[in-house]
Every structure is written in C-alpha cells, then in structure tokens.
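# Structure assessment
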Amino acid sequence: MTKNEINKFKEILEARQAELSEVLRNREGIAIEKSPDALDEVQRAAERELAIRNLDRESNLLRNVRAALRRIQEGNFGTCLHCEEEISPKRLAAVPWTPYCIECQEMADRNRDENNEMFDDLLVTAA
Ligand SMILES: [Zn+2]
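No experiment lies behind these values; they were computed from the predicted model shown.

Further remarks concern the overall build of the chain. When its secondary structure is counted, the chain shows 4 helices and 0 strands. Along the chain direction, N to C, the helices and strands of the chain fall in the order α-α-α-α. Counting only residues that meet the buried cut, the chain has 13% of its 127 residues in that class.

Next up, the structure:
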C-alpha cells in the first residue's frame, strides 16, 4: 500500500473516530425518565433498550477504529491479524477498520456463538 493510500484510510478512520466519540459522549446520559402513562413507559423502555444496544455496537466499532489507527502508526495496517496475509483493498475500502482478511473473517463468522451476536454488525464482509 502506498503512503497516499494509507493517509486516505487514516483520514477516513480519524473522521469515523471523531464521529463515534461524539455520538458516544452524547449518549452517556441515557435519561431514565419516569412517566405516569403506562403505555408511554413501555415505549420508553423499548427505546432505552435500543439505545443501549446501539451504544454497545458503537463502542465496539470505536474500539476497532482506534485499533486500526494504531496499526497505521505501527506500520502494519492492511495486514490480517490472524494469518498475516494482506487484506484485499476492496475489503479495506468497505470496512477500513477490519482487523482480518476475508478468509479469517469467514472462519470467525462460522465459529461465532450466540454470545457474540453484538459483534454481528462489525463482521461486515466486503461485497
Ligand atoms: Zn487472515
């Protein structure tokens, strides 16, 4: 990968990092408001649940984005953490923060158990 290409990924990742940090900061105080209306209360509980799930997903994504930026600094960005082969440019373009090549990702997907379902959104495969 050329320096230019790396810089482009760095820009994308930094923008993403800023965006996610902002979202997560704003979500920190998920308000737990009580409502006298029971139906409204159910609705709020569902919204809270959704917000917490999103929060989980965004924190995970942010962690992956930060790890990718660290790999850029260390000079091993674009290399699969598992098999140490190069990750295809197409996959990196679709998921710049991915730590794994498509083969290792698919293997991880197959071995994934239910406890890991919150990672689903991170395991995006490039088309
Ligand atoms: Zn691999």
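Following the structure, the description resumes.
A few words on the environment of cysteine 80. Tracing the backbone shows cysteine 80 in the loop between α2 (38-74) and α3 (89-94). Residue classification places cysteine 80 among the buried residues on the basis of 20 C-beta atoms within 10 Å. For the pair cysteine 80 and isoleucine 102, spaced 22 residues apart in sequence, the C-alpha separation works out to 9.0 Å.

Here α2 spans 54 Å end to end across 37 residues, near enough to the 54 Å set by a 1.5 Å rise per residue. Taken together, the buried positions of α2 are occupied by Asn64, Val65 and Ala68. Looking at the buried positions of α2, the neighbouring elements they touch are α1 (3-27). Once α2 ends, the next one or two residues include glycine 75, with phi positive near 80°.

Note that lysine 10 resides in helix α1. Once the C-alpha coordinates of lysine 10 and leucine 69 are considered, the two residues, 59 residues apart in sequence, prove to be 6.6 Å apart.

As a further point, take unusual backbone geometry. Of note, the phi angle at glutamate 84 is positive, near 65°, even though the residue is not glycine. Relative to the helices and strands, glutamate 84 resides in the loop between α2 and α3.

What follows concerns the packing of α1 against α2. Contact geometry of α1 with α2 gives a least axis separation of 9 Å together with a crossing angle of 150°. By the criterion of interaxial angle, the relationship of α1 to α2 is roughly antiparallel. Considering how the two elements wind past one another, α1 and α2 form a crossing that is left-handed. For the pair formed by α1 and α2, the contact residues are Ile6, Phe9, Lys10, Leu13, Glu14, Arg16, Gln17, Leu20, Ser21, Val23, Leu24 and Arg27 on the first element and Ala51, Leu55, Glu58, Ser59, Leu61, Leu62, Val65, Arg66, Ala68, Leu69 and Ile72 on the second. Among the residues making up the contact of α1 with α2, the classes are represented as 14 nonpolar, 3 polar and 6 charged.

This brings us to the environment of isoleucine 12. Turning to its location among the elements, isoleucine 12 is positioned in helix α1. As for isoleucine 12 and valine 65, which are separated by 53 residues in sequence, their C-alpha atoms are 9.7 Å apart.

Here we take up the nonpolar core. Core analysis: the biggest nonpolar cluster contains 11 residues, these being Phe9, Leu13, Val65, Ala68, Phe77, Cys80, Ile87, Leu92, Val95, Trp97 and Cys101. Secondary-structure elements contributing two or more residues to this core are α1 and α2.

Scoring rules and cut-offs
- Residues numbered from 1 in each chain as written.
- Predicted model: local features only at pLDDT ≥ 70, side-chain atom pairs only at ≥ 80, totals over all residues.
- Helix = DSSP H or I, 4+ residues; strand = E, 2+ residues; numbered from the N terminus.
- Buried ≥ 20, exposed ≤ 12 C-beta atoms within 10 Å, placed from the backbone.
- Expected span 1.5 Å × (residues − 1).
- Contact = placed C-beta atoms within 7 Å.
- Axes fitted to C-alpha atoms, helices over the stretch in contact; angles between N-to-C directions.
- Parallel < 35°, antiparallel > 145°, perpendicular 65-115°, else oblique.
- Left-handed = near helix turned anticlockwise from the far one by under 90°.
- Nonpolar A, V, L, I, M, F, W, Y, C, P; charged D, E, K, R; others polar.
- Core = buried A, V, L, I, M, F, W, Y, C linked by C-beta atoms within 7 Å.

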